[in-house]
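What follows is the residue order along each chain.
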Amino acid sequence: MESQGSSEVLVSSRKRRRERESSYCESEDSERPGKVPRCTVGLKQPAPFADELVPTKTPYLRVNMETAKRGTPPDRPVRVYADGIFDVFHSGHARALMQAKCLFPNTHLIVGVCSDDLTHQFKGFTVMNEDERYDAISHCRYVDEVVRNAPWSISPEYLAKHRIDFVAHDDIPYSSAGSDDVYKHIKEAGMFAPTQRTEGISTSDIITRIVRDYDVYVRRNLQRGYTAKELNVSFINEKKYHLQERVDKVKRKVRDVEEKSKEFVQKVEEKSIDLIQKWEEKSREFIGNFLQMFGPEGALKHMLKEGKGRMLQAISPRQSPNSSPAREEERSPSPTFRLPFFNKTSPPPSPPHHSAARSHPISEDDDEDDED
């Protein structure tokens, strides 16, 4: 929730910033289109320094605000002056200079940069020296002229020397050098053109980040090859930072191994889930096939029934026709039927002739007895 709230604040501040900037760049097409056409008309040279330009001999006649807003001839641009320290030149500085450049339709922007001596005396120590700050301002696309060693307070003589029409700065009172507002006399003279500060970025904020994360940046530069002497770091602190760097490397390796192991475990889980699903599908298919084969109404029961019927049909005798008494007797014997050897009154069956002749030879006396 906190990150969401901070992002909304940043978005709203950016919108307000764009609205302010658009008010300073009024034209027929006040709204910037979504996309800008390609062009190659950028400046190829840095802005010149004021002490290197050829002085003009025309008299200095200041332009009032109405004439400046209405527009001036091309050979007489409105000369706007903006001063500052511009240490660690950042986008906030560039946006302020862009607003000053867009104050009027035809503007010649002069930027004054204070020297190291004045800055250290009235504001404090700087990160960049004066030559670096002069060079950074001269390479800003909105600047037409750079004044080196600019004064801390602007005097009328200075305004006349550089033929300045208006002074651009944010309208917050700037108390310094024993004054509640160093631009008070400029505002009273009607030569002040206010600009807006860019929220969320300043030289002090950048330095605060560096001081807050001092150990991180020291270790960064030690890793990049800077010596402890160049960084003004003691021997013990140097060893401490090296040890911290090694510990961080080990932590990064452990973190990488953990991430890779998590990815591996995730892949194994995905594969195991796929295997379980496939196993469940196969098990259902196997159980279904088993029930179809061995279930109560399965194919095996029908096969057994059919086999049993065939076996009974093969074992049981076939039905004999009605005209055959022998088969009928064999199929359904009468209850009075007895085997021959159990019937004493019934004569024995007559044996065949060839066997009777062999077992009972007939003599002549027998024949005679029969005749008698």
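On a predicted model such as this, the values are computed, not experimentally measured, just so you know. (Residues numbered from 1 in each chain as written. Predicted model: local features only at pLDDT ≥ 70, side-chain atom pairs only at ≥ 80, totals over all residues. Heavy atoms only, no water.)

Comments concerning the sheet that holds strand S4 (residues 166–170)
So, point 1. Across the sheet, which stays open at both edges, the five strands sit in the order S3-S2-S1-S4-S5 with parallel pairing between neighbours. The open sheet has two edge strands with one neighbour each: strand S3 (145–148) and strand S5 (192–195). Taking each pair of neighbouring strands and ignoring which way they run, the sheet shows an average axis angle of 30 degrees.
So, point 2. In the packing of helix H3 (residues 91–101) onto the sheet, the strands contacted are strand S1 (78–84), strand S2 (107–113), S4 and S5, and the crossing angle to S2 comes to about 145 degrees.
So, point 3. In this fold helix H5 (residues 130–138) packs onto S2 and S3, with an angle of close to 165 degrees to the strand it touches most, S2. (Pairing = 2+ DSSP bridges. Helix = DSSP H or I, 4+ residues; strand = E, 2+ residues; numbered from the N terminus. Axes fitted to C-alpha atoms, helices over the stretch in contact; angles between N-to-C directions. Contact = heavy atoms within 4.5 Å.)

Structural notes on the pairing of S1
So, point 1. Among the seven residues in S1, seven count as buried, and that is most of the element.
So, point 2. Side chains Val-78, Val-80, Ala-82 and Gly-84 project from S1 onto one buried face, and the interleaved Arg-79, Tyr-81 and Asp-83 project onto a second face that is buried too.
So, point 3. Strand direction decides the pairing type here: S1 and S2, joined by seven bridges, are parallel. Looking at the pairing, Gly-84 lines up with Val-113 of S2.
So, point 4. This β-α-β element, S1 to H3 to S2, shows right-handed connectivity.
So, point 5. Strand direction decides the pairing type here: S1 and S4, joined by two bridges, are parallel. Bridged to Tyr-81 within S4 is Val-167. (Buried < 20%, exposed > 50% of the residue type's maximum accessible area, 1.4 Å probe, protein only. Right-handed = clockwise from strand over helix to strand, strands pointing away.)

Quick look at a nonpolar patch on the surface
So, point 1. A contiguous nonpolar surface patch, about 740 Å² in accessible area, is contributed by Phe-286, Ile-287, Phe-290, Leu-291, Met-293, Phe-294 and Met-303.
So, point 2. By residue number, the principal contributor to the nonpolar patch is helix H10 (residues 235–294), which donates six residues.
So, point 3. Of the residues examined, Phe-290 reaches a relative accessible area of 43% and is grouped as partly exposed. (Patch = residues over 30% accessible without salt bridge, like charges linked within 9 Å, V, L, I, M, F, W, Y side chains within 5 Å. Areas by Shrake-Rupley, 256 points an atom, 1.4 Å probe, with all protein chains shown as cover. Salt bridge = Lys/Arg side-chain N within 4 Å of Asp/Glu carboxyl O.)

Comments concerning unusual backbone geometry
So, point 1. Even without glycine at this site, Phe-86 takes up a positive phi of about 60 degrees.
So, point 2. Tracing the sequence through the fold places Phe-86 in the loop between S1 and H3.
So, point 3. The exposure class assigned to Phe-86 is buried, which follows from its relative accessible area of 8%.

With respect to the pattern of salt bridges
So, point 1. Tallying each qualifying case throughout the model produces 13 salt bridges.
So, point 2. Notably, a salt bridge pairs Arg-148 with Asp-51, separated by 3.0 Å at the nearest N-O pair. Note that Arg-148 is positioned in strand S3 and Asp-51 in the loop between helix H1 (2–24) and helix H2 (65–70), a separation of 97 residues in sequence.
So, point 3. Residue class for Arg-148 comes out partly exposed when judged on its relative accessible area of 31%.

Focus on the nonpolar core
So, point 1. Among the nonpolar cores identified, the biggest contains 23 residues, and Val-80, Leu-97, Val-111, Ile-137 and Val-143 are the most heavily contacted of them.
So, point 2. Of all the elements in the fold, those that place two or more residues in this core are S1, H3, S2, H5 and S4.
So, point 3. Ranked by size, the runner-up nonpolar core spans 15 residues in total, among them Ile-154, Val-182, Tyr-183 and Ile-186. (Core = buried A, V, L, I, M, F, W, Y, C linked by side-chain atoms within 4.5 Å.)

Shape descriptors only; they carry no functional weight alone.
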